[in-house]
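# Examining the three-dimensional arrangement
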Amino acid sequence: MAGDPEEIPDSGAVFTFGKSKFADNIHGKFWLKNGVPHNIACGDEHTALITENGKLFMFGSNNWGQLGLGLKASVNLPTCVKALKSEKVRLVACGRNHTIICTAQGRVYATGGNNEGQLGLGDCEERTAFQLVKFFSSRGPIKMLAAGSNTSAALSESGKLFMWGDNTEGQIGLGKESSATTPQEVRVGRSVAWVSCGYYHSALVTVDGGLYTFGERDSGKLGLGTDQLAGHRLPQLVKGIEGRVTQVACGGGHTVALTEEAVYSFGLGQFGQLGHGTFIFEAPLPRPVDHFRKGRVRHLACGENHTAVITDCGLLYTFGDGRHGKLGLGEENFTNQFKPSLCPHFLNYDVQAAACGGCHLVVLARPRDQGHGGRITLEDDDVTEDYLEKSCTLEPLGDSSSSATLQRSLSARVRRREREWSTEQFGAMFQTLPARTLGHLHPPPPVSAQTAPTRLPPAQLAPRKVHNGTHQHRSAGSNHKDEAHGETDSVVESLTDVDSVRGLGETTDFLNMTHVMKLDPNDETLTLSPVQKVLGIDETTKDDEEEEEEEEEEEGGDEEEDEEEEESDEPAETGEPSPLSSDVPTGKSEVTTLPHVQLLLFFSFFF
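In this text, all values refer to a predicted model and were calculated from it rather than measured experimentally.

### Some points on the overall build of the chain
Within the chain, the secondary structure is distributed over 7 helices and 34 strands. The burial tally for the chain puts 50% of its 607 residues in the buried class. Of the contacts formed within the chain by residues at least 6 apart in sequence, a portion of 55% connects residues at least 24 apart. If you sum the accessible surface of the chain, you get close to 28,500 Å²; carbon and sulfur atoms cover 48% of it.

In structure tokens form, the structure reads like this:
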């Protein structure tokens with residue numbers, strides 16, 4: 001069942017997922033008795049919240065002073081910034097280790113890390129409290145802020161874009177300049193309507209719906225053609241998107257753009273953050289995300305390796321890296337999602353906003369109206385079962401620095417704590433193990449240093465002969481020949497992974513298969529013959545010994561030499577040093593060699 005909206009006030013609550021400091025790795029939520037959450041932003045490891053009456057609350061990591069509280073200690077509970085009580089905060093943006101805000105009076109403040117001048121104060125000294133950025137005192141009202149790893153951006157109401165901070169990759173669009181400690185205007189020949197900063201790249205949207213990207217060009221995160229990449233330090237128009245772009249969000253290595261009808265993504269997708277499915281790990285050019293119907297999406301947010309999407313009816317979808325549970329899909333679902341996944345916990349809520357950080361997700365939602373206006377529309381293949389546990393509400397927490405009182409609740413892992421895992425509880429289910437087959441694999445056993453290659457053999461294989469001149473192997477059996485010819489190389493020294501599995505017979509039971517290598521003294525060739533281990537290792541070894549004895553009688557060998565040969569094969573099964581080691585004594589070997597050598601190789605395959 002989805003979360004119970006009766007637990008929170010009608011004004012809504014703030015929900016946290018992942019490594020948020022507020023409730024690490026489990027689902028948490030809080031709300032303010034005397035304040036209504038209005039705007040949220042996430043940095044790499046910190047979070048900012050603005051209420052409708054203009055109060056700014058901060059929590060999370062604070063090692064650079066990015067919380068603006070005058071100190072560097074981390075804060076686990078949302079704390080009101082005292083220094084801004086006289087101001088009414090309207091906008092906020094969080095970078096990796098800094099924060100910038102804008103007040104209703106049009107003043108811009110910044111705090112935190114400043115090693116690349118990302119605070120816009122004209123220097124590179126960090127701050128632990130919010131400082132006024134004087135540049136914007138006469139630049140008119142600001143309508144949007146953005147922050148990246150070591151970059152910042154401010155967009156004015158008139159459509160002028162200003163950026164500052166690190167420009168080593170061209171991420172603030174100033175061409176050859178390496179950095180800017182004060183805001184600089186970025187021009188593209190038309191007014192700007194939207195801006196977003198990723199870790200090392202940025203994107204903007206013009207009023208006519210054009211998408212421009214700039215910054216680090218690796219992994220296709222800019223969505224540009226090869227002929228455009230040379231100019232990546234300046235804003236370049238992204239082609240291949242149908243319709244007018246209205247929003248854009250930049251993550252650590254990917255970009256997501258929203259048009260009036262569809263969602264496009266490009267860049268890195270190894271965790272599923274592009275939403276294109278399991279086998280799309282990188283998209284160098286814009287590619288539509290097929291899950292959503294036309295015109296359904298209204299808001300986008302990107303973290304380092306995950307993405308959040310809000311639809312027109314207030315539903316939340318997430319995809320990408322699931323570590324720490326930051327996708328909001330359940331306390332026990334930390335897996336990567338390669339396609340947009342509905343967050344069932346918010347079926348009874350109307351999601352207002354979502355912000356993605358480095359390892360966490362913060363969502364602002366209100367109880368859904370159960371009347372006519374509360375209807376929702378699901379996409380195909382949406383899973384509506386909610387795995388988030390019912391939260392336990394704590395006593396109200398007072399905040400001496402604000403008239404608003406914080407109420408906090410954390411979801412407890414009730415089911416996990418109440419479980420009693422034992423073999424008696426489940427009967428004979430744990431007494432036997434399923435067969436090890438290609439369709440049901442278990443973790444492989446420990447691998448010894450003698451284990452042969454890991455690649456799968458071709459479908460049809462036959463025994464083959466290997467000439468000594470091509471493949472040689474250093475073993476006790478080859479010492480006699482080496483001394484006679486003055487060579488130290490061995491019979492199969494240069495076997496590669498592909499060579500060593502080419503010629504393993506036609507059997508398909510690769511996990512229970514061995515092979516015998518026989519050296520023909522006449523033409524000096526090596527023959528591999530498959531042997532199926534149907535009786536187990538001990539019985540198979542016994543069969544091999546019987547074959548050796550029969551061949552010995554035919555060749556006229558004596559028992560003493562046969563015993564020594566068997567001893568040389570024994571360590572390969574016990575895990576001790578094997579005669580197949582490349583470290584071969586240069587002196588006379590204690591093991592007497594035969595004119596021909598049989599080597600029993602056990603191949604272990606891991607899938």
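### A short note on the environment of Arg293
Tracing the sequence through the fold places Arg293 in the loop between strand S22 (282-288) and strand S23 (297-302). The class for Arg293 is partly exposed, based on a relative accessible area of 41%. A sequence separation of 87 residues divides Arg293 from Asp380, and the C-alpha atoms of the two residues are 9.3 Å apart. Those residues within four positions of Arg293 in sequence are excluded, and the remaining contacts are Glu261, Thr377, Leu378, Glu379 and Asp380. At 3.0 Å, the side chain of Arg293 forms a polar contact with the backbone oxygen of Leu378.

### Looking at the layout of surface pockets
For the second largest pocket, the calculated volume is near 1,000 Å³. Lining the second largest pocket are 48 residues, and of these Ile40, Ala41, Leu145, His299 and Ala355 lie nearest its centre. Only strand S3 (37-42), strand S7 (89-94), strand S11 (142-147), strand S15 (192-197), strand S19 (245-250), S23, strand S27 (349-356) and strand S28 (360-367) provide two or more residues apiece to the lining of the second largest pocket. Of the residues forming the lining of the second largest pocket, the biggest block, 6 residues, is contributed by S3. Classifying every residue of the lining of the second largest pocket by side-chain character gives 27 nonpolar, 14 polar and 7 charged.

### A closer look at the packing of aromatic side chains
This model, assessed by the stated rule, comprises 13 aromatic pairs. Between Phe135 and Phe136, the ring centres sit 5.1 Å apart and the planes meet at 85°, which makes this aromatic pair edge-to-face. According to the relative accessible area criterion, Phe135 is partly exposed, its value standing at 23%. Cation over ring: Arg139 sits above Phe135, and NZ or CZ is 3.9 Å from the ring centre.

### Description of the environment of Asp382
Along the chain, Asp382 turns up in the loop between S28 and strand S29 (391-393). Asp382 sits 91 residues away from His291 along the chain, and the two C-alpha atoms are 9.5 Å apart. In this structure Asp382 touches His291, Tyr317 and Leu342, once residues within four positions along its chain are discounted.

### Observations regarding the confidence of the model for the chain
Of all residues in the chain, 61% have pLDDT values of 70 or greater, and the mean over the chain is 75. pLDDT under 50 marks residues 533-542. Its contacts with residues more than four places away, or in other chains, come to 10 contacts. Counting interchain partners and residues more than four positions distant, the pLDDT-below-50 stretch residues 554-607 has 110 contacts.

### Here we look at the sheet that holds S7
Pairing is antiparallel across the open sheet formed by 4 strands, whose spatial order is S7-S8-S9-S10. Every other strand in the sheet has two partners, leaving S7 and strand S10 (127-132) as the edge strands with one partner each. Neighbour-to-neighbour, the strand axes of this sheet turn through a mean angle of 15°, independent of strand direction. Where S7 meets strand S8 (residues 98-103), 5 bridges bridge the pair, whose relative direction is antiparallel. Each bridged residue has a counterpart across the sheet, and for Ala93 the counterpart in S8 is Ile100.

### Digging into the pairing of S11
In terms of burial, S11 is largely enclosed, as 5 of its 6 residues are buried. Taken together, the 5 bridges between S11 and strand S12 (residues 151-156) define a ladder with antiparallel strand orientation. Within S12, the residue paired with Ala146 across the bridge is Ala153. A loop of 3 residues connects S11 with S12, the two strands running antiparallel in sequence.

### With respect to the side chain of Lys221
Structurally, Lys221 can be placed in the loop between strand S17 (211-215) and strand S18 (236-237). Overall, the relative accessible area of 3% leaves Lys221 in the buried class.

### Observations concerning unusual backbone geometry
With phi around 65°, Ser219 is a residue other than glycine that occupies positive phi space. Non-glycine residue His324 carries a positive phi angle of around 65°. Note on placement: His324 falls in the loop between strand S25 (316-320) and strand S26 (337-342).

### A few points about the pattern of salt bridges
Scanning all chains against the criterion turns up 12 salt bridges. A salt bridge links Arg244 to Glu260; its shortest N-O distance comes to 2.9 Å. One end of the pair, Arg244, is in the loop between S18 and S19; the other, Glu260, is in the loop between strand S20 (254-259) and strand S21 (263-268), with 16 residues separating them in the sequence. Among the residues examined, Glu260 registers a relative accessible area of 52% and is labelled exposed. The partner of Lys326 in a salt bridge is Asp321, with the nearest N and O atoms 3.5 Å apart.

### Quick look at the nonpolar core
Counting residues in each nonpolar core, the largest one holds 31 residues, and the members touching the most others are Ile40, Leu49, Leu56, Leu84, Ile101 and Phe130. Those elements that place two or more of their residues in this core are strand S2 (28-32), S3, strand S4 (46-51), strand S5 (56-60), strand S6 (75-80), S7, S27 and S28.

### A short note on the sheet that holds strand S13 (residues 161-166)
One open sheet accounts for 4 strands, arranged S11-S12-S13-S14; its pairing is antiparallel. Each of the sheet's edge strands pairs with one partner strand only, and the pair in question is S11 and strand S14 (179-186). Direction aside, the axes of adjacent strands within the sheet are offset by 15° on average.

### Details of the pairing of S27
Counting buried positions along S27 yields 6 of 8 residues, so the element is predominantly enclosed. Pairing between S27 and S28: 7 bridges, direction antiparallel. Bridged to Val351 within S28 is Ala365. Where S27 hands over to S28, the hairpin turn is made up of 3 residues, counted between the paired strands.

### Considerations on the side chain of Arg296
Counting through the fold element by element, Arg296 comes out in the loop between S22 and S23. A residue is classified by how much of its surface remains accessible, and Arg296, at 6% relative accessible area, is buried. Among the polar contacts made by the side chain of Arg296, one reaches the main-chain carbonyl oxygen of Thr377 at a distance of 3.0 Å. For Arg296, the residues in contact, after removing those within four places along its chain, are Ile310, Thr311, Asp312, Cys313, Thr377 and Glu379.

### Thoughts on the state of the cysteines
Enumeration according to the criterion identifies 0 disulfides in this entry. With no disulfide of its own, Cys302 lies closest to Cys356 among cysteine sulfurs, the gap being 6.8 Å.

Each value, and the rule that gives it
- Residues numbered from 1 in each chain as written.
- Predicted model: local features only at pLDDT ≥ 70, side-chain atom pairs only at ≥ 80, totals over all residues.
- Heavy atoms only, no water.
- Helix = DSSP H or I, 4+ residues; strand = E, 2+ residues; numbered from the N terminus.
- Buried < 20%, exposed > 50% of the residue type's maximum accessible area, 1.4 Å probe, protein only.
- Contact = heavy atoms within 4.5 Å.
- Areas by Shrake-Rupley, 256 points an atom, 1.4 Å probe, with all protein chains shown as cover.
- Polar contact = N/O pair within 3.5 Å; in protein donor to acceptor, adjacent residues only side chain to side chain.
- 1 Å grid on protein atoms, 1.4 Å probe; cavity = no way out; pocket = protein on both sides within 12 Å on 5 of 7 lines; lining within 4 Å.
- Points joined across faces, edges and corners; volume = space filled by probe spheres on them.
- Nonpolar A, V, L, I, M, F, W, Y, C, P; charged D, E, K, R; others polar.
- Phe/Tyr/Trp six-rings, centres within 6.5 Å; stacked < 30°, edge-to-face > 60°.
- Lys NZ or Arg CZ within 6 Å of the ring centre and 35° of its normal.
- pLDDT = per-residue confidence, 0-100.
- Pairing = 2+ DSSP bridges.
- Axes fitted to C-alpha atoms, helices over the stretch in contact; angles between N-to-C directions.
- Salt bridge = Lys/Arg side-chain N within 4 Å of Asp/Glu carboxyl O.
- Core = buried A, V, L, I, M, F, W, Y, C linked by side-chain atoms within 4.5 Å.
- Disulfide = S-S within 2.5 Å.

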